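Observations on chain architecture
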Amino acid sequence: MPELPEVETVRRGLEPVMMGAVIARAEVRRAGLRWPFPERMAERLTGARVDRLRRRSKYILVDLSTGETLLIHLGMSGRMLISGTMLGKFHHEHPAPEKHDHVVLDIDSGARITFNDARRFGAMDLFPTGEGEAHPLLARLGPEPLGNAFNETHLVAALAGKNTPIKTALLDQHIVAGLGNIYVCEVLHRAGISPRRKAGRISSARAAALVPIIRDVLGEAIASGGSSLRDYRQASGELGYFQHGFRVYGREGASCTTPGCGGTIRRIVQSGRSSFYCPRCQR
Ligand SMILES: [Zn+2]
């Protein structure tokens, strides 16, 4: 499932193709994905110029010259493919349409953006740009982990007195927006905090120390996504999926990478989701 760094990588990959360009033709091949598409979506997109590409949590927001914003959510399996233009070193011809290509945007430059989503948990919506954060998917989100509003004071206050495990608290989108299962596992390993520890039982100093760790872990992943835009992994024209060097995620039974630890990574299930951690150096 694409997490924040993957979504940011998709946004950065779309930017040079879409910024300032006009959507010459939009093709919508089904009535909706997770939810129905907005009415007359193809018509409302056709002829619009792209003024800005933003990201909020795991949503890509495309501000259009028509006064509307296109919201894109990749869901579980959404993929963005670029063809008809250079992507890094590679030029991609338009591929033959595939079964799960649901929305196709032809840009006036000749580039094509195809939204493919096999499991159909993705979403697209259009709303007036001015109403931005009032959109039901955006309204209740907490601060962006890489933004200024997410800081030590905010996180210490948000965790204080909480009886839930820290793993669950960091996945709570009101506390911090866009942090998902994989990166919470990585953050807690780097912080030396057990995912089972009650959020309210973590000292303010250790809670505050989570802020720069969260920024580092996401920042490093975004940086590897950025390099994937320039190298062979992008040879397919697909944005957003790249090679990761996770320290705990998916490494059950492997040795802990913390210098001198010697522990073995374990997997437990919390709130229905896998947590990977080292019981020796995460307390
Ligand atoms: Zn360890």
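What you are looking at is a predicted structure, and each value in this text was computed from that prediction instead of being measured.

Rules and cut-offs
- Residues numbered from 1 in each chain as written.
- Predicted model: local features only at pLDDT ≥ 70, side-chain atom pairs only at ≥ 80, totals over all residues.
- Helix = DSSP H or I, 4+ residues; strand = E, 2+ residues; numbered from the N terminus.
- Rg over C-alpha atoms; globule rule 2.2 N^0.38 Å.
- Buried ≥ 20, exposed ≤ 12 C-beta atoms within 10 Å, placed from the backbone.
- Pairing = 2+ DSSP bridges.
- Axes fitted to C-alpha atoms, helices over the stretch in contact; angles between N-to-C directions.
- Contact = placed C-beta atoms within 7 Å.
- UniProt positions renumbered as here; feature names shortened; annotations may be inferred.

Side note on the overall build of the protein chain
The secondary structure content of the protein chain amounts to six helices and 13 strands. The C-alpha atoms of the protein chain give a radius of gyration of 20 Å, which matches the 19 Å a tight globule of 283 residues would have. Its C-alpha atoms put the protein chain at 55 × 40 × 30 Å along the principal axes. With 283 residues in all, the protein chain has 37% of them scored as buried.

Quick notes on the sheet that holds strand β3 (residues 59-64)
Here four strands make up an open sheet; going across it, the order is β2-β3-β4-β10 and the pairing antiparallel. The two strands at the open ends of the sheet, each matched to only one other strand, are β2 (50-56) and β10 (123-128). Between one strand and the next, the sheet's axes are offset by a mean angle of 20 degrees, whatever the strand orientation. Bridging between strand β4 (residues 68-73) and β10 involves six bridges; their strand directions are antiparallel. The residue of β10 that forms the bridge with Leu 70 is Leu 126. Along the sheet face, helix α1 (residues 4-18) touches β2 and β3 and points at about 175 degrees away from the line of β2.

Description of the UniProt feature "domain: FPG-type" (unreviewed entry) in the protein chain
In the UniProt entry, the feature "domain: FPG-type" (unreviewed entry) is given for residues 247-283. For the annotated span residues 247-283, helix accounts for 0% and strand for 27% of the residues, and the straight-line distance between the end C-alpha atoms is 17 Å.

Here's the deal with the environment of Asp 117
Within the secondary structure, Asp 117 is located in strand β9 (residues 112-117). Accessibility expressed as a C-beta count within 10 Å gives 24 for Asp 117, which makes it buried. For the pair Asp 117 and Lys 99, spaced 18 residues apart in sequence, the C-alpha separation works out to 9.3 Å. Contact partners of Asp 117, with chain neighbours within four places excluded, come to Leu 33, Gly 75, Ser 77, Gly 78, His 100, His 102 and Gly 122.

Quick notes on the sheet that holds strand β5 (residues 78-83)
Spatial ordering of the open sheet is given by β1-β8-β9-β5-β11, a layout of five strands whose pairing is antiparallel. Since the sheet does not close on itself, it has two edges, and those belong to β1 (23-28) and β11 (238-239), each with one partner. Two strands pair when backbone bridges link them, and β5 and β11 are joined in this way by two bridges, in the antiparallel orientation. Opposite Met 80, over in β11, you have Leu 239 as the bridge partner.

As for the pairing of β2
Across six bridges, β2 lies against β3 in antiparallel orientation. For Arg 55, the partnering residue across the bridge sits in β3 and is Ile 60. Linking two consecutive strands that pair antiparallel, namely β2 and β3, is a turn of two residues; a positive phi of about 55 degrees is found at Ser 57 within it.

Considerations on the environment of His 102
Secondary-structure assignment places His 102 in strand β8 (residues 101-107). A sequence separation of 12 residues divides His 102 from Thr 114, and the C-alpha atoms of the two residues are 7.6 Å apart. Every residue in contact with His 102, bar those within four places of it in the chain, is listed here: Arg 29, Arg 30, Leu 33, Phe 115, Asn 116 and Asp 117.

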